[in-house]
Amino acid sequence: MWPIAEVRMESRPQAGHTEGGSRRGTQDRAAAAAAAAAVRERPSPCDLRRSSAIPGPSSPSEVGGRLRTMARAGMERWRDRLALVTGASGGIGAAVARALVQQGLKVVGCARTVGNIEELAAECKSAGYPGTLIPYRCDLSNEEDILSMFSAVRSQHSGVDICINNAGLARPDTLLSGSTSGWKDMFNVNVLALSICTREAYQSMKERNVDDGHIININSMSGHRVLPQSAVHFYSATKYAVTALTEGLRQELREAQTHIRATCISPGLVETHFAFKLHDQDPEKAAATYEHIKCLKPEDVAEAVIYVLSTPQRVQIGDIQMRPTEQVS
Ligand SMILES: NC(=O)c1ccc[n+]([C@@H]2O[C@H](COP(=O)([O-])OP(=O)(O)OC[C@H]3O[C@@H](n4cnc5c(N)ncnc54)[C@H](OP(=O)(O)O)[C@@H]3O)[C@@H](O)[C@H]2O)c1
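These remarks concern the structure in this document. From a predicted model like this one, the values you see are computed outputs, not experimental measurements. (Residues numbered from 1 in each chain as written. Predicted model: local features only at pLDDT ≥ 70, side-chain atom pairs only at ≥ 80, totals over all residues. Heavy atoms only, no water.)

Topic: helix H5 (residues 114-126)
The following threshold applies: Labels follow the DSSP assignment, with helices taken as runs of H or I lasting at least four residues and strands as runs of E lasting at least two, numbered in each case from the N terminus. Helices are assigned an expected span. That span is 1.5 Å times one less than the residue count. Three labels apply to residues, based on accessible area from a 1.4 Å probe with only protein chains included: buried if under 20% of the type maximum, exposed if over 50%, partly exposed otherwise in between. Only heavy atoms enter the contact rule, under which two residues are in contact if any of them lie within 4.5 Å.
Taking 1.5 Å per residue, 13 residues should reach 18 Å; H5 reaches 19 Å between its end C-alpha atoms and fits that length. Of the residues making up H5, those classed as buried are Val114, Asn116, Ile117, Leu120, Ala121, Glu123 and Cys124. Lining the buried residues of H5 we find helix H4 (91-102), strand E2 (106-111) and strand E3 (132-137).

Examining unusual backbone geometry
At Asp80, a position not held by glycine, the phi torsion is positive, near 70°. Looking at where Asp80 falls in the secondary structure, it is placed in the loop between helix H3 (60-70) and strand E1 (82-86). Asp80 gets classed as exposed once you look at its relative accessible area, which sits at 60%.

What to know about the site of the ligand
Going by this rule: To be near a molecule or strand, a residue needs just one of its heavy atoms within 4 Å of it. What sets the accessible areas is the Shrake-Rupley method with a 1.4 Å probe; for residues, cover comes only from the shown protein chains. Note on residue categories: nonpolar means Ala, Val, Leu, Ile, Met, Phe, Trp, Tyr, Cys or Pro, charged means Asp, Glu, Lys or Arg, and polar means any other residue, Gly included.
Taken together, 30 residues form the shell around the ligand, and within it Arg112, Thr113, Asn166, Tyr235 and Thr272 come nearest. When the ligand sits alone it has 880 Å² of accessible area, and the protein chains cover 96% of it. For the shell around the ligand, the residue count by class is 13 nonpolar, 13 polar and four charged.

Observations concerning the nonpolar core
Here is the rule: Among the buried residues, those of types Ala, Val, Leu, Ile, Met, Phe, Trp, Tyr and Cys that are joined through side-chain atoms within 4.5 Å form a nonpolar core.
Grouped together as the largest cluster of nonpolar side chains are 41 residues, with contacts concentrated most on Leu100, Val107, Ile164 and Ile265. Elements supplying a minimum of two residues to this core: E1, H4, E2, H5, strand E4 (162-165), strand E5 (214-218), helix H11 (298-310) and strand E7 (319-322). In this structure Ile265 touches Ile216, Asn217, Ile218, Asn219, Ser220, Val301, Ala304, Val305, Val308, Asp319, Ile320 and Met322, once residues within four positions along its chain are discounted. Grouped together as the second largest cluster of nonpolar side chains are 24 residues, Leu84, Cys110, Cys163 and Ile260 included.

Quick notes on the pairing of E3
The condition is simple: When DSSP finds two or more bridges between two strands, those strands count as paired. Think of it like this: strands point away, you trace from the first strand over the helix to the second, and a clockwise trace means the crossover is right-handed.
Summarising the sheet, E2 and E3 pair through six bridges and their orientation is parallel. If you follow Val107 over to E3, its bridge partner there is Leu133. You can see the chain leave E2, run along H5 and come back into E3, and the turn it takes is right-handed.

Here it is, written out as structure tokens:
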């Protein structure tokens, strides 16, 4: 798989810049081994499932292997810097937050269900990860909540260096008979909150002369093709917007002559609580979503985030499209 190939490539010391990891190799391997041992003793922090119908998390040995892979060269320059991860209370966001804390970053994880993030923060701490997770309660459908969060980050931690726009949802409101409120729920979080967080993160970088920041949008394969499933047509439109917003952002960042990078990651089916929110009236249908193929795990997406962040600053990944091998569409 490509991330492994990249790990091999990146692990060679590189002349002329400080992104190579040879200095920290031994220390990182020790930290990864300690973290993997801790994970073996505890349930995965990504396992913030509210339904036993969702397939189980990665096995401890699989997670341990991933942790070793993720303690990687290229992430050195991010150590102690601040990443905002939206939607960190479960699924992909929790996996991304954990992976970043494991790489030594200070992570502000936000969502409405802040208790889940507090649990994850405690787990990261007892696992001995070098970074910290700071839980923040925020309803992203409310602009004032978002602005308060950014001003709290500014006053308590200086500002945001990495913004991972992950929070998102789908409601089964079709184009012919769906409710306007369902459309608004999707639009407010998937498109508007992502855009507000992007703007605020950029302003935070600009006011501190941060020229190497990164904004990563968790998009979807639904941002690239329209499935013949009426329940997800509006959702798909919000994700097409994310495709356009990411490329538009890349262009504006170039016009502004910064080296801040813009990336989106577009997964296919990932085992999370997502389908249970989409089909909240029909849990069996939700469970079936994850049963017909071997889905991606949240950790797979987290690994892609780490890869994107770990590339040399001259490299800008525009989009990573990643489907489960068995997924047809
Ligand atoms: N699962 C998949 O198959 C899949 C595939 C492709 C792309 N994606 C994308 O991946 C991202 C993460 O989804 P997931 O699969 O991890 O789903 P998930 O398990 O349902 O997690 C969604 C996250 O978004 C947060 N969120 C939703 N509405 C929010 C609001 N108003 N304010 C604050 N936070 C809010 C949730 O937190 P609270 O509810 O606690 O607020 C939760 O942390 C989404 O953008 C989704 O579109 C998912």
